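Working through the structure, step by step
Here are the chains, one letter per residue:
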Amino acid sequence: MTFNHRFVERAPDGPPVTLLLLHGTGGNEDDLLPLGRQLLPGAALLSPRGKVLEHGQPRFFRRLAEGVFDIDDLIARSHELARFVETALKTYHAEKTKLIAVGYSNGANIAASMLLLEPNVLSGAVLFRAMVPLVPPALPDLQAVSVFLSAGRMDPIVPAENTQRLAELLSKGGAHVDLRWMDAGHGLTTADIDQARDWLMSVVSS
Ligand code: MLT
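Each value, and the rule that gives it
Residues numbered from 1 in each chain as written. Predicted model: local features only at pLDDT ≥ 70, side-chain atom pairs only at ≥ 80, totals over all residues. Heavy atoms only, no water. Near = heavy atom within 4 Å. Polar contact = N/O pair within 3.5 Å; in protein donor to acceptor, adjacent residues only side chain to side chain. Areas by Shrake-Rupley, 256 points an atom, 1.4 Å probe, with all protein chains shown as cover. Nonpolar A, V, L, I, M, F, W, Y, C, P; charged D, E, K, R; others polar. Pairing = 2+ DSSP bridges. Helix = DSSP H or I, 4+ residues; strand = E, 2+ residues; numbered from the N terminus. Axes fitted to C-alpha atoms, helices over the stretch in contact; angles between N-to-C directions. Contact = heavy atoms within 4.5 Å. Buried < 20%, exposed > 50% of the residue type's maximum accessible area, 1.4 Å probe, protein only. Phe/Tyr/Trp six-rings, centres within 6.5 Å; stacked < 30°, edge-to-face > 60°. Lys NZ or Arg CZ within 6 Å of the ring centre and 35° of its normal. Salt bridge = Lys/Arg side-chain N within 4 Å of Asp/Glu carboxyl O.

1. Description of the site of the ligand
Taken together, T25, R59, F61, R63, G67, F69, S105, N106 and N109 form the complete shell of residues around the ligand. Take T25: an N or O atom from its side chain is 2.5 Å from an oxygen atom of the ligand. The contact in question runs from an oxygen atom of the ligand to an N or O atom on the side chain of N109, over 2.8 Å. Protein chains bury 95% of the 260 Å² of accessible surface belonging to the ligand in isolation. Looking at the shell around the ligand, its residues break down into 2 nonpolar, 5 polar and 2 charged.

Structure representation (structure tokens):
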């Protein structure tokens, strides 16, 4: 149930938000801490390391090939991550903060899966280069959830129609989805970061 992770306390004057940082394939719990600090200065940060190893590279769930996911594993690990996050928030006395995921690539995919399978855990999500992780049997009620979905027009891993389908799936559940197209590939650009920062500021102050 537990994950190797980092937790950074909220600054005394920081926003009442915890960012759940979810790295991409081959990353770890340290990777996104600087990004979290940049996106929402002073927020608490909870950053777990994915437990699945693919040729020694940490991920949040198993895949059978690139873009082909092991759905049973994804479902089990989405629930497991949700329980870890709930426990961690209590342990660190952060359960009253708004929990917003910030995921990149594989981390964005498990964040999207958590939105679809565990709709009460996250208040929002910043999804960089996400795909449709799975289609749940019934759509969850996501009316209270805001999602910033940032896609690369030239992304060789995530086809544009897949991003579009994810936006539609989340919107159908009632989520407020802000889909942005970057002149970029799979990697993050300063435009992703600048726009995500502005979006986070507006969500936090609303
Ligand atoms: C995934 O496996 O989640 C996606 O293909 C993104 C990646 O990690 O390359």
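The rest of the description comes next.
2. Observations regarding the sheet that holds strand 1 (residues 5-8)
Pairing within the open sheet is mixed, and its 7 strands lie in the order 1-3-2-8-9-10-11. Pairing within the sheet leaves two strands with one partner each, and these edge strands are strand 1 and strand 11 (176-182). Pairwise comparison of adjacent strand axes, ignoring direction, gives a mean angle of 15° for this sheet. Relative to strand 8 (residues 98-104), strand 2 (residues 17-22) is paired through 6 bridges, and the arrangement is parallel. Considered in strand 8, the bridge of L19 is made with I100. The strands that helix 2 (residues 71-91) touches are strand 1, strand 2, strand 3 (44-48) and strand 8; relative to strand 3, the one it contacts most, it runs at about 140°. Of the strands in this sheet, strand 2, strand 8, strand 9 (124-128), strand 10 (146-152) and strand 11 touch helix 5 (residues 190-205), which is tilted by about 175° from strand 10.

3. Overview of the pairing of strand 3
Counting buried positions along strand 3 yields 5 of 5 residues, so the element is predominantly enclosed. Here strand 3 shows a buried face lined by A44, L46 and P48 and a second buried face lined by L45 and S47. In this structure, strand 1 lies alongside strand 3, joined through 4 bridges in antiparallel fashion. Each residue of the ladder has a partner; that of V8, found in strand 3, is L45. Inspection of the sheet shows strand 2 paired to strand 3 by 3 bridges, in the parallel sense. In the strand pairing of strand 3, L20 is matched with L46.

4. Focus on the packing of aromatic side chains
Counted according to the given criterion, the structure contains 4 aromatic pairs. Arranged with centres 5.0 Å apart and planes meeting at 80°, the rings of F61 and F69 form a pair that is edge-to-face. One cation-aromatic arrangement involves K51 over F3; the distance from NZ or CZ to the ring centre is 4.4 Å. One cation-aromatic arrangement involves R59 over F61; the distance from NZ or CZ to the ring centre is 5.2 Å.

5. Details of the environment of A82
Here A82 shows up in helix 2. Separated by 100 residues in the primary sequence, A82 and M182 place their C-alpha atoms 30 Å from one another. Sequence-distant contacts of A82, defined by excluding residues within four places in its chain, comprise M114, E118 and V121.

6. Regarding the pattern of salt bridges
By the definition in use, this model includes 14 salt bridges. Of the charged contacts in the structure, one is a salt bridge between D73 and R77, with a shortest N-O distance of 2.9 Å. With D73 and R77 both in helix 2 and 4 residues apart, the pair spans about one turn of that helix. Owing to a relative accessible area of 22%, R77 belongs among the partly exposed residues under this scheme. The partner of R83 in a salt bridge is E118, with the nearest N and O atoms 2.9 Å apart. Of this pair, R83 sits in helix 2 while E118 sits in the loop between helix 3 (106-117) and strand 9, and the two are 35 residues apart along the sequence. Given a relative accessible area of 28%, R83 falls into the partly exposed group. What makes E118 buried here is its relative accessible area of 12%. Each member of the salt-bridge network shares a partner with another, and the members are E54, R59 and R63.

That's the geometry; what it means functionally is another story.
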